[in-house]
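The primary structure of each chain is shown beneath.
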Amino acid sequence: MKIDGTRSHDRATEVVLAYYAAFNRGDWEGMLVLLSDDVAHDLNQGARETGRAAFAQFLQRMQASYREQLHDIVVLVSPDGSRAAAEYVVHGQYLASDAGLPEARGQKYVLPGGAFFELRDGRIQRVTNYYNLQDWIAQVS
């Protein structure tokens, strides 16, 4: 299917794919411009953070402790383009210890994950990420 940008779900698909392309490039600014100012970010098995500034701080924490690339990304979008889901495989390396998690020693991991999105006015309003934390802990322990 060629995405021609004339349908709402095509534009939403483009936004989500651009978000993941920026992630894989380590282009945090490229990710942030795709978010609404009041973006809600639901952390896997954690609290909700709100706002683009909080998301930027999250990206800084991630950059300090992890190096990740997402592979095999599949995006599904509602017909009206207001909701999306993505499935992917994370290929990562644990670089520096993250609070409350096992000690980092450069361990590599491969982990399936997914996310749910709400989109509004061409931007991501909410992103909720999921992965199996126990699987990740087992791989890095």
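Structure first, text after, so check above.
Basis of the calculations
Residues numbered from 1 in each chain as written. Predicted model: local features only at pLDDT ≥ 70, side-chain atom pairs only at ≥ 80, totals over all residues. Heavy atoms only, no water. Helix = DSSP H or I, 4+ residues; strand = E, 2+ residues; numbered from the N terminus. Buried < 20%, exposed > 50% of the residue type's maximum accessible area, 1.4 Å probe, protein only. Contact = heavy atoms within 4.5 Å. Areas by Shrake-Rupley, 256 points an atom, 1.4 Å probe, with all protein chains shown as cover. Phe/Tyr/Trp six-rings, centres within 6.5 Å; stacked < 30°, edge-to-face > 60°. Polar contact = N/O pair within 3.5 Å; in protein donor to acceptor, adjacent residues only side chain to side chain. Pairing = 2+ DSSP bridges. Axes fitted to C-alpha atoms, helices over the stretch in contact; angles between N-to-C directions. Salt bridge = Lys/Arg side-chain N within 4 Å of Asp/Glu carboxyl O.

K.L.:
Can you walk me through the overall build of the protein in this structure?
P.N.:
The secondary structure content of the protein amounts to 4 helices and 6 strands. Helices and strands in the protein line up, N terminus first, as α-α-β-β-α-β-β-β-β-α. Taking the principal axes of the C-alpha coordinates as reference, the protein spans close to 50 × 30 × 25 Å. Each of the 141 residues in the protein was classed as buried or not, and the buried ones make up 43%. Across the protein, the fraction of contacts at a sequence separation of at least 24, relative to all contacts at a separation of at least 6, is 54%. By element, 53% of the accessible surface of the protein is carried by carbon and sulfur atoms, the whole surface being about 7700 Å².

K.L.:
Hey, could you run me through the packing of aromatic side chains in this one?
P.N.:
One pass over the structure, following the stated rule, counts 12 aromatic pairs. When the centroid spacing of 5.6 Å and the interplanar angle of 85° are considered together, the rings of Tyr-19 and Phe-117 count as edge-to-face. Of this pair, Tyr-19 sits in helix α1 (residues 8–25) while Phe-117 sits in strand β5 (residues 108–120), and the two are 98 residues apart along the sequence. In terms of burial, Tyr-19 and Phe-117 fall into one category: buried.

K.L.:
Just checking my understanding: could you explain the side chain of Gln-107 for this structure?
P.N.:
Positionally, Gln-107 belongs in the loop between β4 (83–94) and β5. In this structure the side chain of Gln-107 is engaged in a polar contact, spanning 2.6 Å, whose partner is the backbone oxygen of Val-140. Discounting chain neighbours no more than four positions away, the residues touching Gln-107 are Gly-92, Gln-93, Tyr-94 and Val-140.

K.L.:
Got a minute to help me understand the side chain of Glu-49 in this structure?
P.N.:
Relative to the elements of secondary structure, Glu-49 occurs in strand β2 (residues 48–50). Polar side-chain contacts of Glu-49 include one of 3.0 Å to the side chain of Arg-61. Filtering out sequence-adjacent residues up to four positions away, Glu-49 remains in contact with Val-39, Ala-40, His-41, Leu-43, Ala-54, Phe-58 and Arg-61.

K.L.:
It is not clear to me how the sheet that holds strand β1 (residues 35–42) should be interpreted in this structure. Could you clarify?
P.N.:
In spatial order, the strands read β2-β1-β6-β5-β4-β3; together these 6 strands make up an open sheet with mixed pairing. Looking at strand neighbours, the two that pair on one side only are β2 and β3 (66–77), the edges of this open sheet. Ignoring which end each strand starts from, the neighbouring axes of this sheet average 20° apart. As paired elements, β1 and β2 share 3 bridges and run antiparallel to each other. When the sheet's bridge partners are listed, Asp-42 is paired in β2 with Arg-48. Lying on the sheet, helix α4 (residues 133–140) is in contact with β3, β4, β5 and β6 (123–131); it crosses β5 at an angle near 150°.

K.L.:
I'm lost on the environment of Gln-60 in this one. Help?
P.N.:
Along the chain, the position of Gln-60 falls in helix α3 (residues 52–65). Gln-60 sits in the exposed class, given a relative accessible area of 55%. Gln-60 sits 32 residues away from Trp-28 along the chain, and the two C-alpha atoms are 8.8 Å apart.

K.L.:
For this particular structure, what's the right way to read the pattern of salt bridges?
P.N.:
When their charged atoms lie close together, side chains carrying opposite charge are able to pair. Taken as a whole and judged by the stated rule, the model has 8 salt bridges. The partner of Arg-7 in a salt bridge is Asp-10, with the nearest N and O atoms 3.0 Å apart. According to the relative accessible area criterion, Arg-7 is partly exposed, its value standing at 38%. One salt bridge connects Arg-120 with Asp-38, and the closest N-O pair in it is separated by 3.2 Å. Placement of Arg-120 in strand β5 and of Asp-38 in strand β1 is noted, with a sequence separation of 82 residues between them. Judged by relative accessible area, which is 40%, Arg-120 ranks as partly exposed. Bridged by salt links that share partners, the residues Arg-83, Glu-118 and Arg-126 form one connected network.

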